[in-house]
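Here is how the chains run, residue by residue.
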Amino acid sequence: MRNSKSLLKMITLSMLIALGVVISPILRVEGMCPMAHFINIVCSVFLGPWYSLLCATLIGIIRMITMGIPPIALTGAIFGAFLSGVFYRASKGRIIFAVLGEIIGTGIIGAIVSYPVMTFLWGKEGLSWLFYVPSFICGTLIGGSIAYVFLRKFAANGMLARVQTMLGSQSYMDHTSILSNTLTIAAFGAILFVVIELASDIFKLSGVLWDKLSYISLAVCAAAAVLYYIAKKVKTAHAPDNP
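*Asks:* So what's going on with the overall build of the protein chain? Residues and values would help.
*Replies:* What the protein chain contains, in helices and strands, is 10 helices and zero strands. Each helix and strand of the protein chain, placed in order from N terminus to C terminus, yields the pattern α-α-α-α-α-α-α-α-α-α. Here the protein chain has a C-alpha radius of gyration of 19 Å; the compact-globule value for 243 residues is 18 Å, and the two agree. Expressed as a percentage of its 243 residues, the buried residues of the protein chain come to 43%. Considering only contacts within the protein chain whose residues lie at least 6 apart along the sequence, 70% involve residues at least 24 apart. Each charge sign in the protein chain was given a centre, from 17 positive and 8 negative side chains, and these centres are 14 Å apart.

What follows is the structure, encoded as structure tokens:
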């Protein structure tokens, strides 16, 4: 049984690595790779911090070799991957903390570490310590939002705990709450952002509406999340106490 779970972990890790390499070019510009952050968080939740670190490292190396990506393929992934898993387990299975670990690890630590790596090892000029912070944070917010919605849906129907148990990883009870549902609604904005940007790029859509539509979707989902949270809190406050 233990050997079969170890084998299943290796297969899952291999699939996530392959998927990460394939989908990494989506919405990628130098310093922003949302889909890599999606893979980091999913791997952290499924397999834990050490497997996620290995996954991010191998994806980064493969991308550097096959796609000519600079070393930020590593510095912009490995710290967030590890912290995502650490935060997830330290919080006893709260998915939002896995996302937070990715944002801190990549958006702040990875971004700062990328400066000396790109300057002194890659020879890129005109950079500063905070040069990559805005784009790294933007990428983690988009990828993290997609991962959050995906994992929340998995957790809500019990599939996440079953997958974790099947893989021999630490599993946790679902933490559904008004706040988690609010964050899910807000995170849909990031998914719409990706879909609209991809459609605009693939079909060469342009114009004032298309240029602003992705940002409008973010704002609408954020507003809907706020309204949902307020409505639920008001309803809870006026609900009669249970006897």
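Further notes follow.
*Asks:* Report on helix α9 (residues 178-202), specifying residues and quantitative values.
*Replies:* The end-to-end C-alpha distance of α9 is 37 Å, a good match for the 36 Å that 25 residues give at a rise of 1.5 Å each. When we look at burial in α9, the residues that qualify are S180, T182, T184, A187, G189, A190, F193, V194, I196, A199 and S200. Buried positions along α9 lie against α7 (133-156) and α10 (208-238). After α9 finishes, the residue K204 shows a positive phi value of roughly 55°.

*Asks:* I'd like to hear about the nonpolar core, residue by residue, with values.
*Replies:* Counting residues in hydrophobic clusters, the biggest one holds 35 residues, and the most contacted among them are V45, F46, C55 and L160. Sorting elements by how many residues they give to this core places helix α2 (residues 34-47) first, with nine residues. Discounting residues that sit within four places of it in the chain, L160 has contacts with V45, F46, Y88, I95, L151, F154 and A155. In terms of nonpolar packing, the next biggest core, distinct from the first, is built from eight residues, I72, Y115, M118 and V133 among them.

*Asks:* Outline the packing of α9 against α10, listing residues and values.
*Replies:* Between α9 and α10, the shortest axis-to-axis distance is 8 Å and the interhelical angle comes to 170°. The orientation of α9 with respect to α10, classified from their angle, is roughly antiparallel. For the contact of α9 with α10, the per-class residue count stands at 17 nonpolar, seven polar and two charged.

*Asks:* So what about helix α6 (residues 95-121)? Which residues, and what values?
*Replies:* At G110, α6 shows its maximal bend, which comes to roughly 40°. Of the residues trailing α6, G123 is marked for its positive phi of about 75°.

*Asks:* Residue-level account of a nonpolar patch on the surface, with values.
*Replies:* Taken together, L54, L58, I61, I62 and I65 make up a surface patch of nonpolar side chains, about 410 Å² in accessible area. Mapping I62 onto the fold places it in helix α3 (residues 49-67).

*Asks:* Report on the state of the cysteines, specifying residues and quantitative values.
*Replies:* Within this structure, the stated rule accounts for zero disulfides. You can see C138 has no disulfide; the closest cysteine sulfur is in C33, sitting 12 Å from it. Residue class for C138 comes out partly exposed when judged on its relative accessible area of 33%.

The rules behind these values
- Residues numbered from 1 in each chain as written.
- Predicted model: local features only at pLDDT ≥ 70, side-chain atom pairs only at ≥ 80, totals over all residues.
- Heavy atoms only, no water.
- Helix = DSSP H or I, 4+ residues; strand = E, 2+ residues; numbered from the N terminus.
- Rg over C-alpha atoms; globule rule 2.2 N^0.38 Å.
- Buried < 20%, exposed > 50% of the residue type's maximum accessible area, 1.4 Å probe, protein only.
- Contact = heavy atoms within 4.5 Å.
- Lys, Arg positive; Asp, Glu negative; His and termini not counted.
- Charge placed at Lys NZ, Arg CZ, Asp CG, Glu CD.
- Expected span 1.5 Å × (residues − 1).
- Core = buried A, V, L, I, M, F, W, Y, C linked by side-chain atoms within 4.5 Å.
- Axes fitted to C-alpha atoms, helices over the stretch in contact; angles between N-to-C directions.
- Parallel < 35°, antiparallel > 145°, perpendicular 65-115°, else oblique.
- Nonpolar A, V, L, I, M, F, W, Y, C, P; charged D, E, K, R; others polar.
- Bend = angle between axes of the 7 residues up to and from the residue.
- Patch = residues over 30% accessible without salt bridge, like charges linked within 9 Å, V, L, I, M, F, W, Y side chains within 5 Å.
- Areas by Shrake-Rupley, 256 points an atom, 1.4 Å probe, with all protein chains shown as cover.
- Salt bridge = Lys/Arg side-chain N within 4 Å of Asp/Glu carboxyl O.
- Disulfide = S-S within 2.5 Å.

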